[in-house]
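Residue strings, one per chain:
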Amino acid sequence: MFRDQRELLANPGFLGVYLIVGMLAVYAENRQAILFALVVIAAIAFFAWMLSLRRLLAMSGTPTSRIASAAQGYVELVGRGRSHPDFQVLSRLTFLPCIWYRFIVEQRNSKNKWERVSSGRSDESFMLHDGSGLCVVDPDHAEVIPRRKEVWTQGEFRYTEWLILPQETIYVLGEFSTLSGETIELDLKRDIGELLAEWKRNQPQLLERFDLDRDGTISEKEWTLARSQAKREVRKTHKEIRTQPGTNILHKPRDGRLFLISNIDPEKLARRYRLWAWAHLAAFVGAVGGASWLSTMAM
């Protein structure tokens, strides 16, 4: 929920909140109400300004990398979005094939106002291809700024859906990691123990393989042989794992830095954040100035 609020505060449509709060205060014709409204506007504007500025600095301070040569850590990538090869994501409302969606369903209440009854977003992974390589993008906990939005009504319900479609150009900012056989932590002793435990659960097969004298039990000598075989098999498996190629993954940064996904052109998105930052800062300065003037007048 807080993730959605951060996306809303960084949206220019939120500037209308300042106007609404101010109009309500003026309509009240009460100096205290107006002062309170200005304080509320100042607090919200400062928070929204910080959010927009943080995003602008993160985008401008992180150069675009190529997937094939990207360093491990915080990176910026731009490429074409693709559906994950193991599954296909369908939007919740229109059932369109996509790589990400968000939806809201609202119902008109007795006061003729829209009330949210259902909402959600997809968190399934998708692929990013930039011509140099592939990267799996895990959008869980990401702030997603989509370009496509559809709104329609049907009876007493209003539906809103945001989509990012396959083959669209995607901008991502997050933590880049490459998982490969060389980097996977393997525990020889643990894996040998797990394999022996698995063999013990299948006694007929265990006796068939290691009961050399066919007396129906596994002697200490035969168990030593089983352990040696388990050790050889685990080492062979570990060797095969070590030779597996790496898988690139982009996910939420562990240090809390911005995790952003958008199908808006990066330069256009940066200009938008810059304008939002100035607009929120102007609202903050104006609200603080107005509150100071009212406080002085009241003295």
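The rules we used
- Residues numbered from 1 in each chain as written.
- Predicted model: local features only at pLDDT ≥ 70, side-chain atom pairs only at ≥ 80, totals over all residues.
- Heavy atoms only, no water.
- Helix = DSSP H or I, 4+ residues; strand = E, 2+ residues; numbered from the N terminus.
- Buried < 20%, exposed > 50% of the residue type's maximum accessible area, 1.4 Å probe, protein only.
- Contact = heavy atoms within 4.5 Å.
- Pairing = 2+ DSSP bridges.
- Axes fitted to C-alpha atoms, helices over the stretch in contact; angles between N-to-C directions.
- Salt bridge = Lys/Arg side-chain N within 4 Å of Asp/Glu carboxyl O.
- Phe/Tyr/Trp six-rings, centres within 6.5 Å; stacked < 30°, edge-to-face > 60°.

Novice: Would you take a moment to explain the side chain of Glu106 for this structure?
Specialist: Counting through the fold element by element, Glu106 comes out in strand S4 (residues 100-108). For Glu106, a relative accessible area of 14% corresponds to the buried category. Not counting residues within four places of it along the chain, the set of residues in contact with Glu106 comprises Trp114, Glu115, Arg116, Val117, Glu156, Phe157, Arg158 and Thr160.

Novice: Is there a simple way to explain the sheet that holds strand S10 (residues 157-164) in this structure?
Specialist: Backbone-to-backbone hydrogen bonds join strands into a sheet, with any given pair of strands oriented parallel or antiparallel. Strand order in the open sheet formed by 4 strands is S5-S4-S10-S9, and the pairing between neighbours is antiparallel. The sheet is open, and its two borders are formed by strand S5 (114-121) and strand S9 (148-154), each paired with just one other strand. Across this sheet, the average inter-strand angle for adjacent strands is 15°, counted without regard to direction. Bridge count for S4 against S10 is 8 bridges, and the pairing is antiparallel. Residue pairing in the sheet places Ile104 in a bridge with Thr160 of S10.

Novice: Would you take a moment to explain the pattern of salt bridges for this structure?
Specialist: Pairing is possible between side chains that carry opposite charge, provided their charged atoms lie close to one another. Under the defined criterion, the tally for this structure stands at 7 salt bridges. A salt bridge links Glu106 to Arg158; the nearest nitrogen and oxygen atoms lie 2.9 Å apart. Of this pair, Glu106 sits in strand S4 while Arg158 sits in strand S10, and the two are 52 residues apart along the sequence. Under the relative-accessibility criterion, Arg158 is labelled partly exposed at 25%.

Novice: Looking at this model, I keep getting lost on the pairing of strand S11 (residues 169-179). Mind explaining?
Specialist: Both faces of the sheet carry side chains from a regular strand, because those side chains alternate between them. Counting buried residues in S11 gives 8 out of 11 residues, a clear majority hidden from the surface. As judged from the 3 bridges shared by S11 and strand S13 (residues 260-262), these two strands associate in the antiparallel manner. Paired with Tyr171 across the strands is Ser262, a residue of S13. With 5 bridges joining them, S11 and strand S12 (residues 247-251) adopt antiparallel strand pairing.

Novice: When you look at the packing of aromatic side chains in this model, what are you seeing that I'm missing?
Specialist: For any pair of aromatic rings, the description rests on two quantities: the centre-to-centre distance and the angle between the ring planes. With the rule as written, the count across this model stands at 7 aromatic pairs. Pairing Phe46 with Phe284 gives two aromatic rings, centres 5.4 Å apart and planes at 50°, and the pair type is tilted. Taken together, the positions of Phe46 in helix H3 (residues 31-60) and Phe284 in helix H7 (residues 266-298) put the pair 238 residues apart, joining distant regions of the chain. Residue Phe46 is classed as partly exposed on the basis of its relative accessible area, which comes to 39%. The class for Phe284 is partly exposed, based on a relative accessible area of 25%. For the ring pair Tyr273 and Trp276, a centre distance of 5.2 Å and an interplane angle of 85° mean the geometry is edge-to-face. Separated by 3 residues within a single helix, Tyr273 and Trp276 lie in helix H7, roughly one turn from each other.

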